[in-house]
Amino acid sequence: MNIRLFNIMLLAILFPLQMLAQSSFSGSRLEQACKQFAQSKASGETEIVVLNKPADRSFKQSGVEAKFSIESGKLIGYCKIGITFTYKNKTLKKVIIPVQIKHFAHVPVAKRDMRKGENLQSSDLELKRVELNSTDYINSKQINEIEGLIVKNYIGKGLPISKKQLQATKIVHRGDQVELTVVSGSVRIRSYATALQDAGPGETIRVKRDGRGSILHGLVAMDGTILINSSNINGTRINSRMK
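Conventions and cut-offs
- Note on numbering: residues in each chain are counted from 1, in written sequence order.
- Totals for whole chains, interfaces and linings use all residues, but because this is a predicted model, local features are given only for residues with pLDDT of at least 70 and pairs of side-chain atoms are given and counted only at 80 or more.
- The side-chain values count all of the structure's non-hydrogen atoms but skip hydrogen atoms and water molecules.
- When the sulfur atoms of two cysteines come within 2.5 Å, that pair is taken as a disulfide.
- Accessible area is worked out with a 1.4 Å probe on protein chains only. A residue is then buried under 20% of its type maximum, exposed over 50%, and partly exposed in between.
- The pocket and cavity definitions rest on a 1 Å grid over protein atoms only: a 1.4 Å probe that fits but cannot leave marks a cavity, an open set with protein on both sides within 12 Å along at least five of seven lines marks a pocket, and residues lining either have an atom within 4 Å of a point.
- Grid points are joined across faces, edges and corners, and a volume is the space filled by probe spheres set on the points.
- In this text, helices come from DSSP runs of H or I with a minimum length of four residues, and strands from runs of E with a minimum of two, each type numbered from the N-terminal end.
- In this classification, the charged set is Asp, Glu, Lys and Arg, the nonpolar set is Ala, Val, Leu, Ile, Met, Phe, Trp, Tyr, Cys and Pro, and all remaining amino acids, among them Gly, are polar.
- The definition of a nonpolar core used throughout is a set of buried Ala, Val, Leu, Ile, Met, Phe, Trp, Tyr and Cys residues joined through side-chain atoms within 4.5 Å.
- Between two residues, a contact is recorded if the distance between any of their heavy atoms is within 4.5 Å.
- For this analysis, a salt bridge means a side-chain nitrogen from Lys or Arg found within 4 Å of a carboxyl oxygen belonging to Asp or Glu.
- Pairing of aromatic side chains requires ring centres within 6.5 Å, counting the rings of Phe and Tyr and the six-membered ring of Trp. Pairs whose planes differ by under 30 degrees are stacked, by over 60 edge-to-face, and all others tilted.
- Any two strands with at least two DSSP-identified bridges between them are counted as paired.

1. Quick look at the state of the cysteines
Move 1: Summed over all chains, the structure comprises zero disulfides.
Move 2: Of all cysteine sulfurs, the one in cysteine 79 lies closest to cysteine 34, which takes part in no disulfide; the gap is 9.7 Å.
Move 3: Of the residues examined, cysteine 79 reaches a relative accessible area of 4% and is grouped as buried.

2. Here's the deal with the layout of surface pockets
Move 1: Space inside the largest pocket adds up to approximately 190 Å³.
Move 2: Every residue lining the largest pocket is counted, 15 residues in all, and those nearest its centre are His103, Ala105, Leu132, Ser134 and Thr135.
Move 3: When residues in the lining of the largest pocket are grouped by element, the largest group, four residues, is from strand S6 (residues 90–110).
Move 4: Split by residue class, the lining of the largest pocket holds seven nonpolar, six polar and two charged.

3. Examining the nonpolar core
Move 1: Among the nonpolar cores identified, the biggest contains 18 residues, and Ile83, Phe85, Ile97, Val99 and Ile101 are the most heavily contacted of them.
Move 2: Contacts of isoleucine 83, omitting those with residues within four sequence positions, involve Leu30, Cys34, Ala66, Lys67, Phe68, Lys93, Lys94, Val95 and Ile97.
Move 3: Formed by twelve residues, the second largest nonpolar core is a distinct cluster that contains Leu180, Ala193, Val207 and Val220.

4. Remarks on the pattern of salt bridges
Move 1: Tallied over the full model, the rule gives seven salt bridges.
Move 2: Between lysine 170 and glutamate 203 there is a salt bridge, and its shortest N-O distance comes to 2.9 Å. Taken as a pair, lysine 170 in the loop between strand S9 (166–167) and strand S10 (177–184) and glutamate 203 in the loop between strand S11 (187–195) and strand S12 (204–209) lie far apart in primary sequence, 33 residues in all.
Move 3: One network of salt bridges, in which partners are shared, links Arg112, Glu118 and Asp124.

5. Digging into the packing of aromatic side chains
Move 1: Tallied over the entire structure, the rule returns four aromatic pairs.
Move 2: Grouping aromatic residues by their ring pairs yields a cluster made of Phe25, Phe59 and Phe85.

6. Points about the environment of valine 130
Move 1: Mapped onto the elements of the fold, valine 130 is located in strand S7 (residues 125–132).
Move 2: For valine 130, a relative accessible area of 16% corresponds to the buried category.
Move 3: Along the sequence, valine 130 and leucine 159 sit 29 residues apart, while their C-alpha atoms lie 8.4 Å from each other.
Move 4: Discounting chain neighbours no more than four positions away, the residues touching valine 130 are His103, Phe104, Ala105, Val107, Val109 and Pro160.

7. Let's talk about the pairing of S12
Move 1: Going residue by residue along S12, you find Ile205, Val207 and Arg209 tucked away on one face and Thr204, Arg206 and Lys208 left uncovered on the opposite face.
Move 2: Here S11 pairs with S12 via three bridges, running antiparallel. Residue alanine 195 lies in a different strand from S12, and its bridge partner there is valine 207.
Move 3: Bridging between S12 and strand S13 (residues 215–220) involves five bridges; their strand directions are antiparallel. Residue threonine 204 lies in a different strand from S13, and its bridge partner there is leucine 219.
Move 4: Where S12 folds back on S13, the antiparallel hairpin that results is connected by five residues, among which glycine 211 adopts a positive phi of roughly 80°.

8. Here's the deal with unusual backbone geometry
Move 1: One non-glycine residue, lysine 88, adopts positive backbone phi at about 55°.
Move 2: Within the secondary structure layout, lysine 88 lies in the loop between strand S5 (77–87) and S6.
Move 3: In this structure, asparagine 89 is a non-glycine residue whose phi angle is positive, near 65°.
Move 4: Residue placement: asparagine 89 occurs in the loop between S5 and S6.

Structure, rendered in structure tokens:
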């Protein structure tokens, strides 16, 4: 057998072995893996759409791994997934795949157009399965919590409702005499002040302390009491004689 023929035969044997030693990832396989990765990170009912199908990838090394990560964006709407191909903990290549994560849920939506200043009632709501573009929307378990709140921004018919679109009914009004509860560690001290603005439960309010004239910021409680942390009272010593 001459050397030329031997070399041809050797190449015929080695080439398939070399091909077998490669790592290959089809675009379809990578696309499916992207969807599964995004699904594992997202919560609730979701649909994952890969916007640009990954290309086929091949590497001469065997045992190459593809690792997935969230590169930018939130797990709702548009985001980017990174695919890093590694071999023995060394990065061979990294590609970025844009995806869209659609979230669906049965949430309360407005049965009619609602204007700013309207009082929200449970009869204004109905449950529907809709696509959400944020995680801030009211869920079905929170309907009782929002009944009676005031519409702060226009809400269109059929649209889900966000907490940011609502505000509490004003139970404290400018000029009202209010009771303060100043919290200093485990100690609670009561005093009185005059409200400088309208506010509802959970909202921050400015008040003017009676007899001292200092301006404080506090949080309106459900009963109309103003809760103030002692750290917000600059230069004031908290003691039992505070009135």
